[in-house]
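One letter stands for each residue in the lines below.
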Amino acid sequence: MLLNCGRALPLLSHTDVPPRVTENFILTGYRFPNYSLRDCLLSAFRPTNETGNFWTHFLPIFVFAYYFVEMFGWDGAPDANAPFFYPMWNYFIGVFCLLMASSMAHLLNSMSLVVREVCFFVDYGTISAYTVGSSLAYYYYIHPRAGIVEKGDQNSSHLDLNHEHTGALSYSTVPEFNLFFETYYMPCACVIAIICVLSCCNTRQRWREHRYIIRTLVFLLPFLISSTPVFYRVLTRSPYSTTSSSFAASTTMPGFFYRHSLWLLASALFNISKIPERLAPGRFDIWGHSHQWFHCCTFLSIFDELHMIQAEVRAILLNPDFLLPPTTLSRLPGPTVASTYGVMLLLQTTIVSIIVCFSWRASRIYGPQRDQLKDKRSVEHVKVS
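Cut-off values and rules
Residues numbered from 1 in each chain as written. Predicted model: local features only at pLDDT ≥ 70, side-chain atom pairs only at ≥ 80, totals over all residues. Heavy atoms only, no water. UniProt positions renumbered as here; feature names shortened; annotations may be inferred. Patch = residues over 30% accessible without salt bridge, like charges linked within 9 Å, V, L, I, M, F, W, Y side chains within 5 Å. Areas by Shrake-Rupley, 256 points an atom, 1.4 Å probe, with all protein chains shown as cover. Salt bridge = Lys/Arg side-chain N within 4 Å of Asp/Glu carboxyl O. Helix = DSSP H or I, 4+ residues; strand = E, 2+ residues; numbered from the N terminus. Buried < 20%, exposed > 50% of the residue type's maximum accessible area, 1.4 Å probe, protein only. Contact = heavy atoms within 4.5 Å. Axes fitted to C-alpha atoms, helices over the stretch in contact; angles between N-to-C directions. Parallel < 35°, antiparallel > 145°, perpendicular 65-115°, else oblique. Left-handed = near helix turned anticlockwise from the far one by under 90°. Nonpolar A, V, L, I, M, F, W, Y, C, P; charged D, E, K, R; others polar. pLDDT = per-residue confidence, 0-100.

Named according to an unreviewed UniProt entry, the chain is Progestin and adipoQ receptor family member 9 originating from Fundulus heteroclitus. Of the chain, the UniProt comment under Subcellular location (unreviewed entry) reads exactly: "Membrane". Per UniProt, the chain has the following entry under Sequence similarities (unreviewed entry): "Belongs to the ADIPOR family."

Written as structure tokens, this is what we have:
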């Protein structure tokens, strides 16, 4: 039932809402956890302590999409639906789901305590899906021989942009990296993503005192694993000839990666320190508190990551011939539906199963409080009227 259709519901202080709803050092601007869907949607246009959290991840969706599609107009780029771009579309899905789930979680979490838990379970799940989407893009575009399919003799490689393929790739690297990257990289990314979901969901039902530290540290691990091919590229010589246009395009990649890492570090510091509201409780309740800065920094990190990946895509498109003499043969296949969308579908299915399990547990914990909260809100509404 839609409540209070004609006027906005009152905002409350931290003493007027269940302790489960409160955030450290945020004293006012709370919505009571029994809003209707309509109330939640309307609250996006009034100053609550979640308004900034919503907009700082909702608006970036359009910014990201605008810069994402520009690469389809580059010279030499295949059609947007070509297998060459399968990893990029999976990356887009991961980013889109992360930003949308995060913004909706902050907008809709006041419908009930159970809905609040489910919203943030989904939020954690999409973060993990994003890390795997990033890994797929790194796997196919940033590896020294990514996307380069062996044709003819070993010293001449050409990029197959429009067809799925399973040809061998040639690249020069150390055997240990071969083994990890070709055999364990994507399975590790997926397993760690699942571990992250389980750990973060658990912080909503246990380990509450250290939840922000745990969530932040847990998501540091997938960054370290997923960025392995980037670390390799940064620490070794470019696979492109120094006189090629591909080399010039690829040289921008390290700068974007450093900025990507810097924004991630800043977001972690905001999430753990709770600055600035820790320094002045009550002053940053609506605008400027740490979670809003956390959102801004995470998007800026994603934005630089997009440019980092696009730099490598542009380098491949500018010069699809690798000039380094190959020393080993790899069995790394090119992007296929199964190796990209299939991986994401399997991961998402697993994540959804985990979310359903934790949501069921949350309903058993907070479901019995639903009627009690409804009665309390009705009393508060009568007092205000």
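Now, onward.
Draft legend 1. A nonpolar patch on the surface, seen in detail. Taken together, I213, L217, L220, L224, F231, L235 and I272 make up a surface patch of nonpolar side chains, about 630 Å² in accessible area. Those elements giving two or more residues to the nonpolar patch turn out to be α6 (211-218), α7 (220-226) and α8 (228-235). By the secondary structure assignment, I213 is in helix α6. The class of I213 is partly exposed, set by a relative accessible area of 39%.

Draft legend 2. How the structure looks around the environment of G94. Following the sequence through the fold, G94 ends up in helix α3 (residues 86-108). On the basis of relative accessibility, which here comes to 1%, the residue G94 falls in the buried class. Put simply, G94 and Y130 are 36 residues apart on the chain and 3.9 Å apart in space, counted from C-alpha to C-alpha. G94 has contacts with T126, A129, Y130 and M344, leaving out every residue within four places of it along the chain.

Draft legend 3. How the structure looks around the side chain of N90. Of note, N90 is situated in helix α3. For N90, a relative accessible area of 1% gives the class buried. Beyond its immediate stretch of four places on either side in the chain, N90 contacts G133, L136, T340, Y341 and M344.

Draft legend 4. Inspection of the UniProt feature "transmembrane region" (unreviewed entry) in the chain at higher detail. The residues that UniProt annotates with the feature "transmembrane region" (unreviewed entry) are residues 52-69, 89-108, 120-141, 184-201, 213-235 and 337-360. Structurally, residues 184-201 comprises 100% helix and 0% strand, and the distance from its first C-alpha atom to its last is 26 Å. Secondary structure within residues 213-235 divides into 91% helix and 0% strand; the distance between the first and last C-alpha atoms comes to 30 Å.

Draft legend 5. Structural view of the packing of helix α10 (residues 253-273) against helix α11 (residues 290-318). Two elements in contact, α10 and α11, have axes whose closest approach is 8 Å; the angle formed by their N-to-C orientations is 165 degrees. As the angle between them shows, α10 and α11 are arranged roughly antiparallel. Crossing handedness for the pair α10 and α11: left-handed. Broken down by class, the residue content of the contact of α10 with α11 amounts to 14 nonpolar, eight polar and four charged.

Draft legend 6. Local environment of the confidence of the model for the chain. Mean pLDDT over the chain works out to 83, with 81% of the residues at or above the 70 mark. Across the chain, the element-wise mean pLDDT spans from 37 in strand β3 (residues 169-171) up to 98 in helix α2 (residues 51-69). Note that pLDDT drops below 50 for residues 1-5; the model gives that stretch 11 contacts with residues more than four away or on any other chain. Throughout residues 147-172 the model reports pLDDT below 50, and contacts reaching past four residues in sequence, or to other chains, amount to 84 contacts.

Draft legend 7. Representation of unusual backbone geometry in the model. Here the residue pair I275 and P276 is connected by a cis peptide bond, since its omega of 20 degrees sits within 30 degrees of zero. With phi around 70 degrees, F25 is a residue other than glycine that occupies positive phi space. You can see F25 is positioned in the segment before α1 (37-42). What makes F25 partly exposed here is its relative accessible area of 26%. Of note, the phi angle at K274 is positive, near 60 degrees, even though the residue is not glycine.

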